[in-house]
Amino acid sequence: MRPQRVIAGISAIFCVSFALPGVSHAAPGDEIYAQPGQLVAADDGAKLNFVCMGTGSPVVVFDSGFSDWAPAWAVVQPRIAAWTKACSYDRAGEGFSGPGPMPRTSVRIADELWSALRNAGVKGPYILVASAYGSYTVRVFAERHNQDVAGLVLVDGDASDLESKALRDKDNTVIPRVAEQFGACRDAIAANRPLPLLPTRPGRPQRTCAQSFFRGLPEVAWSDELNDKLMEIARTKPEMYDADISEMAETPFDQRYLQHHRFSLGARPVRILTSGNHAIGSIDPPRATSLENLKYQYDVALAQSGWLKLSSNAKQIFARRSSEYIQFDEPDTVVDAVREVYDQSK
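What you are looking at is a predicted structure, and each value in this text was computed from that prediction instead of being measured.

Digging into the overall build of the chain
Scanning the chain for helices and strands turns up 11 helices and eight strands. Against the 2.2 N^0.38 benchmark of 20 Å for 346 residues, the chain shows a C-alpha radius of gyration of 18 Å, consistent with a compact globule. In terms of principal-axis extent, the alpha carbons of the chain reach across some 50 × 45 × 40 Å. Here the chain holds 346 residues, and 59% of them are scored as buried. With the model as given, the accessible surface of the chain reaches about 13100 Å², and the carbon-plus-sulfur share is 54%. Of the charged side chains in the chain, 37 are positive and 41 negative, and the gap between their average positions amounts to 3 Å.

With respect to helix α7 (residues 238-249)
The terminal C-alpha atoms of α7, which comprises 12 residues, lie 17 Å apart, in line with the 16 Å expected from a rise of 1.5 Å per residue. Of the positions making up α7, those classed as buried are Pro-238, Met-240, Tyr-241, Ala-243, Asp-244, Ser-246, Glu-247 and Met-248. Those residues of α7 that are buried are in contact with α2 (106-119), α5 (175-190), α6 (224-236) and α8 (251-260).

Quick word on helix α3 (residues 134-144)
Within α3, nine of the 11 residues are buried, leaving the element largely enclosed by the surrounding structure. Taken together, the buried positions of α3 are Gly-134, Ser-135, Tyr-136, Thr-137, Val-138, Arg-139, Val-140, Phe-141 and Ala-142. Buried residues belonging to α3 abut β3 (59-63), α2, β5 (126-131), β6 (149-155) and α8.

Description of the side chain of Ser-115
Assignment of secondary structure puts Ser-115 in helix α2. Excluding anything up to four places from it in sequence, Ser-115 contacts Ala-42 and Asp-43.

A word on unusual backbone geometry
Cis peptide bonds are those with omega within 30 degrees of zero, and the linkage from Met-102 to Pro-103 qualifies with -5 degrees. Structurally, Pro-103 is set in the loop between β4 (86-90) and α2. Cis peptide bonds are those with omega within 30 degrees of zero, and the linkage from Gly-124 to Pro-125 qualifies with 5 degrees. Positionally, Pro-125 belongs in the loop between α2 and β5.

About the thresholds
- Residues numbered from 1 in each chain as written.
- Predicted model: local features only at pLDDT ≥ 70, side-chain atom pairs only at ≥ 80, totals over all residues.
- Heavy atoms only, no water.
- Helix = DSSP H or I, 4+ residues; strand = E, 2+ residues; numbered from the N terminus.
- Rg over C-alpha atoms; globule rule 2.2 N^0.38 Å.
- Buried < 20%, exposed > 50% of the residue type's maximum accessible area, 1.4 Å probe, protein only.
- Areas by Shrake-Rupley, 256 points an atom, 1.4 Å probe, with all protein chains shown as cover.
- Lys, Arg positive; Asp, Glu negative; His and termini not counted.
- Charge placed at Lys NZ, Arg CZ, Asp CG, Glu CD.
- Expected span 1.5 Å × (residues − 1).
- Contact = heavy atoms within 4.5 Å.

In structure tokens, the structure reads:
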């Protein structure tokens, strides 16, 4: 998820994302994400929650979008674990992880992940898979720990650092407004007050910020048990809002860092998945489009194509009918891309 979603009327945090009615087609066994997995200390003291399954190498490591954590991969991770070790995790402050030092830059997050994997005995090299905001952190990881990376799969990742300055500046203007609303929610939880209501949306029920995580809670792809636990965390954990607010505030720094720290993976495989519906959390029901949105989607796809320069073995793959959550809407596309990177990296 990216905080810039209110741009061009396509906000998935506060304007597009919505609570889905009912729960069906839940990923079997997703209850594993409703409880802590393995808590591992990073070198800076943050304790990160890992959910690992399967065996094999290279290990696939998942990072998630803004205001998402390990359950974002509940549909695809077990499938990938059928042929190698696969680990998802909660960034510091998120989910079951403890809070980490501030500020929450992608540099700090990448180094925490690298050191925690080593401390957990999960040896590289790693295939890094990330969606939306997570594309910042895994690219910083690849720049700072290059030899520990076997390949990349970027699932409709945020490429703001490669956008035009005008579009990037427009994206970044939304951050203070979103952070302010998250701050109000954080303060309410800390003071044991009811969560404030989010701005109303025509024809849709009111909700609080506890329902704004992922692409809206409850999530149709998850079991009742998982949805209930995620809602409980969102209603009771002020540290998570602190982490989210800091991640948002540091995105301009993350963009500048990536602009000034270019890197190459040589011939190691890179797969870029593009949805054509970036920053849109759900395409069901379909929404009317506009020339402005079509231009925005073209600009995002063009920026993502800049990642083709990361490797001589890079490919951009376009989803057929998916929101930015390709791992939910077209899981085969994600699994196939990871398998291709896995086979070629070996």
